[in-house]
Amino acid sequence: MATPSSLLSEDQLQCFICLDVFTEPVTTSCGHNFCKACISRYWDSAGLCQCPMCNEKFNRRPELHINTTLREVVENLKIKNIVQNESLAIPGEVSCEVCTGRKFKMIQERLQKVQEIKHSVELSKKDTRREISDSVQVFTDLVRSIERSQTELIEVIEEKQKATERRAEWLIKELEQEITDFPTLCTPPHTQDWSEISVHSNLCVGTLMRAVFQLDETLNKEMEKLPEVKLKRMKRMQQYEVNITLDPDTAHPELILSEDGKQVRHGETQRNLPDNPERFERVVNVLGKDGFSSGRFYYEVTVKGKIEWDLGVANESINRKGPITLSPKNGYWAVWLRNGNEYKALGDPRVLLSLKEKPQKVGVFVDFEEGQVSFYDVEARSHIYSFTGCTFTEKLYPYFSPCFNDGVNSAPLIISPVNNTD
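Residues numbered from 1 in each chain as written. Predicted model: local features only at pLDDT ≥ 70, side-chain atom pairs only at ≥ 80, totals over all residues. Heavy atoms only, no water.

1. Topic: the overall build of the chain
- Counting secondary structure elements, the chain contains 6 helices and 15 strands.
- Relative to all contacts within the chain whose residues are 6 or more apart in sequence, the contacts with residues 24 or more apart total 62%.
- Accessible area for the chain stands at about 26,700 Å²; split by element, carbon and sulfur atoms hold 52% of it. (Helix = DSSP H or I, 4+ residues; strand = E, 2+ residues; numbered from the N terminus. Contact = heavy atoms within 4.5 Å. Areas by Shrake-Rupley, 256 points an atom, 1.4 Å probe, with all protein chains shown as cover.)

2. Topic: the sheet that holds strand S4 (residues 263-266)
- Taken together, 7 strands build an open sheet; the order of strands is S3-S4-S15-S6-S11-S12-S13 and the sheet is antiparallel. Unpaired on one side and paired on the other, strand S3 (255-257) and strand S13 (382-387) mark the two borders of the sheet. Shown here is a sheet whose adjacent strand axes are inclined to one another by a mean of 20 degrees, direction ignored. (Pairing = 2+ DSSP bridges. Axes fitted to C-alpha atoms, helices over the stretch in contact; angles between N-to-C directions.)

3. Notes on the pairing of strand S12 (residues 372-377)
- For S12, the tally of buried residues reaches 5 of 6 residues, placing the bulk of the element in the interior.
- Here 6 bridges tie strand S11 (residues 361-367) to S12, and the two strands are oriented antiparallel to one another. Across the sheet, the residue bridging to valine 366 is valine 373, located in S12.
- Here S11 folds back onto S12 in antiparallel fashion, the turn holding 4 residues, of which glycine 371 has a positive phi close to 65 degrees.
- Bridge count for S12 against S13 is 5 bridges, and the pairing is antiparallel. Among the inter-strand pairings, aspartate 377 is bridged to a residue of S13, identified as serine 382. (Buried < 20%, exposed > 50% of the residue type's maximum accessible area, 1.4 Å probe, protein only.)

4. A short note on the packing of aromatic side chains
- Within this structure, the stated rule accounts for 10 aromatic pairs.
- Pairing tryptophan 333 with phenylalanine 392 gives two aromatic rings, centres 5.1 Å apart and planes at 85 degrees, and the pair type is edge-to-face. Residue tryptophan 333 is found in strand S8 (residues 332-338), and its partner phenylalanine 392 is found in the loop between S13 and strand S14 (396-401); the two are separated by 59 residues along the sequence.
- Take tryptophan 333: its relative accessible area is 5%, and that puts it in the buried class.
- On the numbers, 5.3 Å between centres and 50 degrees between planes, the contact of phenylalanine 368 with phenylalanine 392 is tilted. One end of the pair, phenylalanine 368, is in the loop between S11 and S12; the other, phenylalanine 392, is in the loop between S13 and S14, and 24 residues separate them in sequence.
- Stacked on the ring of phenylalanine 280, the Lys or Arg arginine 320 has its end atom at 5.9 Å from the ring centre.
- The lysine or arginine in question, arginine 338, covers the ring of tryptophan 336, its NZ or CZ lying 3.8 Å from the ring centre. (Phe/Tyr/Trp six-rings, centres within 6.5 Å; stacked < 30°, edge-to-face > 60°. Lys NZ or Arg CZ within 6 Å of the ring centre and 35° of its normal.)

5. Examining the pattern of salt bridges
- Here the structure, examined in full by the defined rule, presents 11 salt bridges.
- We note a salt bridge from glutamate 122 to lysine 125, for which the minimum N-O separation is 3.8 Å. With a gap of 3 residues between them, glutamate 122 and lysine 125 both fall in helix H4 (residues 97-181), about one helical turn apart.
- Lysine 125 gets classed as partly exposed once you look at its relative accessible area, which sits at 41%.
- Taking the shortest distance from any N to any O, the salt bridge between glutamate 342 and lysine 344 comes out at 3.8 Å.
- Accessibility expressed as a relative area gives 28% for glutamate 342, which makes it partly exposed.
- Put simply, Glu24, Arg71 and Lys118 are held in one network by salt bridges that share partners. (Salt bridge = Lys/Arg side-chain N within 4 Å of Asp/Glu carboxyl O.)

6. Some details on helix H2 (residues 36-46)
- Among all positions of H2, only Cys38, Ile39, Ser40 and Trp43 are buried.
- Tucked inside the fold, the buried residues of H2 contact strand S1 (25-27) and strand S2 (33-35).
- At the exit of H2 stands glycine 47, carrying a positive phi of roughly 80 degrees.

7. Some details on the sheet that holds strand S7 (residues 309-315)
- One open sheet holds the 6 strands; their spatial order is S5-S14-S7-S8-S9-S10, and the pairing between them is antiparallel. Bordering the open sheet on either side are strand S5 (286-287) and strand S10 (351-353), each of which pairs with just one other strand.
- Here strand S9 (residues 342-345) runs beside S10; their pairing, made up of 3 bridges, is antiparallel. Each residue of the ladder has a partner; that of tyrosine 343, found in S10, is leucine 353.

8. Quick look at the side chain of glutamine 115
- Of note, glutamine 115 is situated in helix H4.
- Side chain to side chain, glutamine 115 and arginine 71 meet in a polar contact 3.1 Å long.
- At 3.3 Å, the side chain of glutamine 115 and the side chain of glutamate 75 are in polar contact.
- Those residues in contact with glutamine 115, other than ones at most four positions away along the chain, are Glu24, Arg71 and Glu75. (Polar contact = N/O pair within 3.5 Å; in protein donor to acceptor, adjacent residues only side chain to side chain.)

9. A look at the UniProt feature "coiled-coil region" (unreviewed entry) in the chain
- Here, the residues flagged by UniProt with the feature "coiled-coil region" (unreviewed entry) are residues 146-178.
- Measuring from the first to the last C-alpha atom of residues 146-178 gives 48 Å, for a span that is 100% helix and 0% strand. (UniProt positions renumbered as here; feature names shortened; annotations may be inferred.)

10. Digging into unusual backbone geometry
- Here aspartate 348 and proline 349 are connected by a cis peptide whose omega angle stands at 5 degrees.
- For arginine 381, which is not glycine, the phi dihedral falls at a positive 55 degrees.
- Note on placement: arginine 381 falls in the loop between S12 and S13.
- In this model, cysteine 403 sits at a positive phi of 65 degrees, which is unusual for a non-glycine residue.
- Among the secondary structure elements, cysteine 403 is positioned in the loop between S14 and strand S15 (413-416).

11. Observations regarding the side chain of asparagine 315
- In this structure, asparagine 315 sits in strand S7.
- The class of asparagine 315 is buried, set by a relative accessible area of 11%.
- In this structure asparagine 315 touches Gly331, Trp333, Glu394, Lys395 and Leu396, once residues within four positions along its chain are discounted.

Take a look at the structure:
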């Protein structure tokens, strides 16, 4: 029995637009066939929907569906041509039915696999569109909720302020009345003790702000479970890389800096150096040579092989001569490692950090205007800690401490070039 493909010539299976054998053939309502991509491009460029062959116009753009029967006919024709060409390519050899049938089956299997892959791509596109839509809806709802909460909070704050002002007005009237009554009385009357009276409003906004920061931290942690998100964030920060070198004029006398100013280690013996006002006197610290008073900046420090270190940024006006307590109120935004596995963010109060992996390279990112200092495990592409809601009023300098050697902490801190994450 003749197959449909044996009754049709290749010319009859050609697209009117590209003049080639159909690819993903579709049929319009007027009965003409075209490649799906060809007719779509034609309608996009023409600006109106009509058949290129008979010029029939459509009221609205038709939804195109693959003509599966015609596609099978085209595929069978392609298989037939391939088998014939292979047979002709071998001089003096006659193809047998078994060989031809086997080739036909193999080609059919591969064409079927092509269709399966294309179908999988289409399903993936649908899943992607759905996930994007769901994600947008979640964030839209979250933003709306935050905006509502913000409006409600502002109303509460303003109402409390009005109540405070009303109380203040009443107290002022009471005081003014007593002041008026005093001259007309022979003896001082029994009056209220005003020494303990004060006017203030307890807004408890600090509690709310801490809750908001915690929410932001939680959201960041959830987002960073996605490898693609972690990679994107690392790339975004790495574009703000700055060239940091260590300032020898600030280095404690026991610190040894490399000639290029990129490494620092504790040398155990104190060198005889000028006691500059900028030099740390009692703690083994050193600052970067350049400070920053605006914008964003990012740098990476290799901490591999160390069991103790400090990293962060510091105000220009920090104390450098006496005992030092690392905290934001003292002008330091830093994290440290102690005893090989104890990581802390040195805030007010300090925060014990639970890290799944021991960072070998730490990235430090600062957004001056946003008041943010963040620390990242570069190799794991994971967030370590962020100081948020900070107010910077002076230059910030990169801050480093390799800590004391003690024979087991001799490895240096190394300011490393950023290797843009692939």
